[in-house]
Amino acid sequence: MKHEVIIALGSNSNPQANTDAAIAALGKAMEISSRSERIWTAPIGIKADRFLNSMIAGSTDMELDKLTMLAKGIERACGRNKADTARGIVCIDIDILKYDRLKLHADDWERGYIKQLARNISDNDE
């Protein structure tokens, strides 16, 4: 069974390469139907360099728990670790925002840049 997903990605350490690597890895587990523009944002809740953010949408046959485990594994493969994150260095952050009709990370959906990226994904689908 195919599940529709929306995934947000952000990075403030080698951001273009890490985002590209994460999207390529996710693309092995899902069919990416739309990819947003990339936008720079100020960090939220941490003292850090600005983030490069993007969003992808598509479908997968993976169950949510398996997709979540895959996302966390990709984060680790890109170099994310607790020590760097505590210092404000985020190689890649991957958040599954929507899985079928289930909206996750409710606070993120209220952020301006998430709304902008989601609109951009919708515009790319037309």
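The coordinates are above.
Residues numbered from 1 in each chain as written. Predicted model: local features only at pLDDT ≥ 70, side-chain atom pairs only at ≥ 80, totals over all residues. Heavy atoms only, no water.

Chemist: Whenever I open this one, the nonpolar core confuses me. Can you help?
Modeler: The nonpolar side chains of soluble globular proteins are, as a tendency, buried together. Grouped together as the largest cluster of nonpolar side chains are 16 residues, with contacts concentrated most on Ile7, Leu9, Leu26, Ile56 and Ile94. Counting residues per element, the ones that place at least two in this core are strand 1 (3-11), helix 1 (15-27), helix 2 (64-77) and strand 5 (93-99). Residues contacting Ile94, with those up to four places away along its chain left out, are Ile7, Ala8, Leu9, Ala22, Leu26, Ala71, Lys72, Ile74 and Glu75. Grouped together as the second largest cluster of nonpolar side chains are 12 residues, Ile6, Ala8, Trp109 and Tyr113 included. (Core = buried A, V, L, I, M, F, W, Y, C linked by side-chain atoms within 4.5 Å. Buried < 20%, exposed > 50% of the residue type's maximum accessible area, 1.4 Å probe, protein only. Helix = DSSP H or I, 4+ residues; strand = E, 2+ residues; numbered from the N terminus. Contact = heavy atoms within 4.5 Å.)

Chemist: What am I meant to see in the pairing of strand 5 here?
Modeler: Residues in a regular strand project their side chains so that they alternate between the two faces of the sheet. Counting buried positions along strand 5 gives five out of seven residues, so the element sits mostly inside the fold. Taken together, the six bridges between strand 1 and strand 5 define a ladder with antiparallel strand orientation. Bridge pairing in strand 5 links Ile6 to Lys98. When strand 5 meets strand 6 (residues 102-103), the two strands line up antiparallel, connected through two bridges. Across the sheet, Lys98 pairs through a bridge with Lys103, a residue of strand 6. (Pairing = 2+ DSSP bridges.)

Chemist: Help me out: how do you make sense of the environment of Arg87 in this one?
Modeler: Position of Arg87 relative to the elements: it lies in the loop between helix 3 (82-86) and strand 5. Since its relative accessible area comes to 56%, Arg87 is described here as exposed. Separated by 76 residues in the primary sequence, Arg87 and Ser11 place their C-alpha atoms 14 Å from one another.

Chemist: So what exactly am I meant to see when it comes to the side chain of Glu75 here?
Modeler: Tracing the backbone shows Glu75 in helix 2. Within the local environment of Glu75, its side chain forms a polar contact with the backbone nitrogen of Ile94, the two atoms lying 2.7 Å apart. With sequence-adjacent residues up to four places away left out, Glu75 is seen in contact with Arg80, Ile92, Asp93 and Ile94. (Polar contact = N/O pair within 3.5 Å; in protein donor to acceptor, adjacent residues only side chain to side chain.)

Chemist: How do you make sense of the pattern of salt bridges when you look at a structure like this?
Modeler: A side chain of one charge can pair with a side chain of the opposite charge if their charged atoms are brought near each other. Within the structure shown, the criterion is met by seven salt bridges. Across the pair Lys72 and Glu75 runs a salt bridge whose closest N-O atoms are separated by 3.4 Å. Within this pair, Lys72 and its partner Glu75 are both found in helix 2, separated by three residues, close to a single helical turn. By relative accessible area, Glu75 is classed as buried at 6%. The partner of Glu75 in a salt bridge is Arg80, and the shortest N-O contact between them spans 3.7 Å. (Salt bridge = Lys/Arg side-chain N within 4 Å of Asp/Glu carboxyl O.)

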